[in-house]
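Breakdown of the fold
Each chain, written out:
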Amino acid sequence: MIRVAIFDDNKTFTDNLSLLFEGSEDYVLTGVFSNALNVVQKVAKARPDVVIMDIKMPEVSGIEAVKTIKKDFPAIQILMQTVFEDDDKVFAAICAGASGYILKGTSPDGILEAIAEVYTGGSPMSPTIARKVLSFFQTVHQPEPEFYDLSKREKDILRCLVDGQSYKMIADTCFISINTVNSHIRKIYEKLHVNSSQEAISKAIRQRLV
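Predicted model, so just to flag it, every value in this text is computed and none were measured.

Definitions and cut-offs
Position numbers for residues count from 1 along each chain, tracking the sequence in the order it is written. Restriction of local features to residues with pLDDT of at least 70 applies here, the model being predicted, together with a cutoff of 80 or more for giving and counting side-chain atom pairs; totals for whole chains, interfaces and linings are based on all residues. For the side-chain quantities, the full set of heavy atoms in the structure was used; hydrogens and water were omitted. Strands are runs of DSSP state E lasting at least two residues, helices are runs of H or I lasting at least four, and both sets are numbered from the N terminus onward. Accessibility here uses a 1.4 Å probe with only protein chains present; expressed as a share of the type maximum, an area under 20% marks a residue as buried, one over 50% as exposed, and anything in between as partly exposed. Two residues qualify as a contact provided that any one of their heavy atoms is within 4.5 Å of a heavy atom in the partner residue. All accessibility values rest on the Shrake-Rupley procedure with a 1.4 Å probe; residue burial counts only the protein chains present in the view. Each pair of aromatic rings taken from Phe, Tyr and Trp, with Trp reduced to its six-membered ring, is defined by centres within 6.5 Å and is described as stacked if the planes are under 30 degrees apart, edge-to-face if over 60, and tilted in the remaining cases. Pairs of N or O atoms within 3.5 Å make up the polar contacts considered here, provided that, within protein, one atom can donate a hydrogen while the other can accept it, and that residues adjacent in sequence are counted only when both atoms are side-chain atoms. Here an axis means a line fitted to C-alpha atoms, over the contact stretch when the element is a helix, while the angle between two N-to-C directions is reported on a 0 to 180 degree scale. Should an angle lie under 35 degrees it is considered roughly parallel, over 145 roughly antiparallel, and from 65 to 115 roughly perpendicular; all remaining angles are considered oblique. In the scheme used here, Gly and all other residues not listed as nonpolar or charged are polar, with Ala, Val, Leu, Ile, Met, Phe, Trp, Tyr, Cys and Pro taken as nonpolar and Asp, Glu, Lys and Arg as charged. Pairing between two strands requires that DSSP report at least two bridges joining them. The crossover handedness rule: strands pointing away from the viewer, path from first strand over the helix to second strand clockwise, crossover right-handed. Grouping buried Ala, Val, Leu, Ile, Met, Phe, Trp, Tyr and Cys residues that are joined through side-chain atoms within 4.5 Å yields what is termed a nonpolar core. Multiplying 1.5 Å by the helix residue count minus one yields the expected span of that helix. Note on disulfides: each one is a pair of cysteine sulfur atoms within 2.5 Å.

All right, on to the overall build of the chain then. Within the chain, the secondary structure is distributed over 10 helices and 5 strands. Across the 210 residues in the chain, those meeting the buried criterion constitute 47%. Sequence separation of at least 24 residues holds for 67% of the intrachain contacts in the chain that already meet a minimum separation of 6. Of the roughly 10900 Å² of accessible surface on the chain, a fraction of 52% belongs to carbon and sulfur atoms.

On to the packing of aromatic side chains. Scanning all chains against the criterion turns up 2 aromatic pairs. Consider the rings of Phe-21 and Tyr-27, whose centres lie 6.1 Å apart with planes at 35 degrees: the pair is tilted.

Attention now moves to the side chain of Gln-81. Here Gln-81 shows up in strand S4 (residues 77-82). Among the polar contacts made by the side chain of Gln-81, one reaches the side chain of Asp-8 at a distance of 3.1 Å. Apart from residues no more than four positions distant in its own chain, Gln-81 is found in contact with Phe-7, Asp-8, Phe-13, Ile-52, Met-53, Asp-54, Ile-55, Ile-102 and Lys-104.

So, about the packing of helix H3 (residues 62-72) against helix H4 (residues 88-96). Between H3 and H4, the shortest axis-to-axis distance is 9 Å and the interhelical angle comes to 10 degrees. In terms of axis orientation, H3 runs roughly parallel to H4. Note on element contacts: H4 touches H3 through Lys-89, Ala-92, Ala-93 and Ala-96, opposite Ile-63, Val-66, Lys-67 and Lys-70. A breakdown of the residues in the contact of H3 with H4 according to their chemical character gives 5 nonpolar, no polar and 3 charged.

Attention shifts here to the pairing of strand S3 (residues 50-54). The buried count for S3 comes to 5 of 5 residues, which makes it a mostly enclosed element. Here S3 shows two buried faces, one formed by Val-50, Ile-52 and Asp-54 and the other by Val-51 and Met-53. Both S3 and S4 contribute to a ladder of 5 bridges, which runs parallel. Each residue of the ladder has a partner; that of Val-50, found in S4, is Gln-77. Assessed by its sense of winding, the connection that carries the chain from S3 through H3 to S4 is right-handed.

Attention now goes to the nonpolar core. In a soluble, globular protein the nonpolar side chains are often hidden away together inside. Of all hydrophobic cores here, the largest spans 47 residues; its most connected members are Phe-7, Met-53, Met-80, Leu-158 and Leu-192. Apart from the residues lying within four places of it in its own chain, the contact partners of Met-53 are Phe-7, Gly-62, Ala-65, Ile-69, Ile-78, Leu-79, Met-80 and Gln-81. If you look at the next biggest cluster of nonpolar residues, it comprises 17 residues, including Leu-17, Leu-20, Phe-21 and Val-50.

This next bit is on the sheet that holds S3. The parallel open sheet is built from 5 strands, whose spatial order is S2-S1-S3-S4-S5. The strands lining the two open edges of the sheet, one partner per strand, are strand S2 (27-33) and strand S5 (100-103). Pairwise comparison of adjacent strand axes, ignoring direction, gives a mean angle of 25 degrees for this sheet. Of the strand pairs in this sheet, S4 and S5 are connected by 4 bridges, and their pairing is parallel. When the sheet's bridge partners are listed, Gln-81 is paired in S5 with Ile-102. Of the strands in this sheet, strand S1 (2-7), S2, S3 and S4 touch helix H1 (residues 11-22), which is tilted by about 160 degrees from S2.

Moving on to helix H5 (residues 108-119). Along its 12 residues, H5 runs 17 Å from first to last C-alpha, staying within 8% of the 16 Å computed at 1.5 Å per residue. For H5, the complete set of buried residues consists of Gly-110, Ile-111, Leu-112, Ala-114, Ile-115 and Val-118.

Along the chain, the position of Gln-165 falls in the loop between helix H7 (152-162) and helix H8 (167-174). A residue is classified by how much of its surface remains accessible, and Gln-165, at 14% relative accessible area, is buried. Sequence separation between Gln-165 and Ser-61 is 104 residues, and the spatial gap between their C-alpha atoms is 7.2 Å. Beyond its immediate chain neighbours, meaning those up to four positions away, Gln-165 contacts Cys-160, Ile-170 and Thr-173.

Per the stated rule, a full pass over the model turns up 0 disulfides. Summary of cysteine pairing: Cys-174 is not part of a disulfide, and the nearest cysteine sulfur, belonging to Cys-160, is at 4.3 Å. Among the residues examined, Cys-174 registers a relative accessible area of 7% and is labelled buried.

The structure is reproduced here in structure tokens:
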């Protein structure tokens, strides 16, 4: 029997999943959480084999929660949930330790199949995300400059990007305006020699810049 915990603030979605697991002999729901605060304690209590994590959690982002879970519970498999399969945050979550993802709106059978797949060592994801992951690993060993002269504020903002925060969330976290966030991100792109948030996140994770 596969033990599953859910992190999602959408009660309708979690209620539907609860009913799905109640009707299955091969899965048991061990915890439902509306946020990822104190995620270590919540996971320790639920003791899941697989975690379904909403990528856009309130207060603590799903990406940050993935990092924390994988650090303390490396054997637990994590499936991310997202609305759009080409979301750069999915790529960042996989780089942070998630094993795959499911789209919101996936059929009940599809959800169960994805859980079983990730539990047995698979990585359910679309070709779009798979290509991003492949591209990431193809460039891992390419020589790149190790010093980018990022300021402390730029590193803070880059860390927020890696954590999956929106520009508005970054502004709130750093107590600055969205215009200032935009200005800093343009400078980050220039210093890292990248042209998108996906490239910035990839380089930050690959070279451990944050």
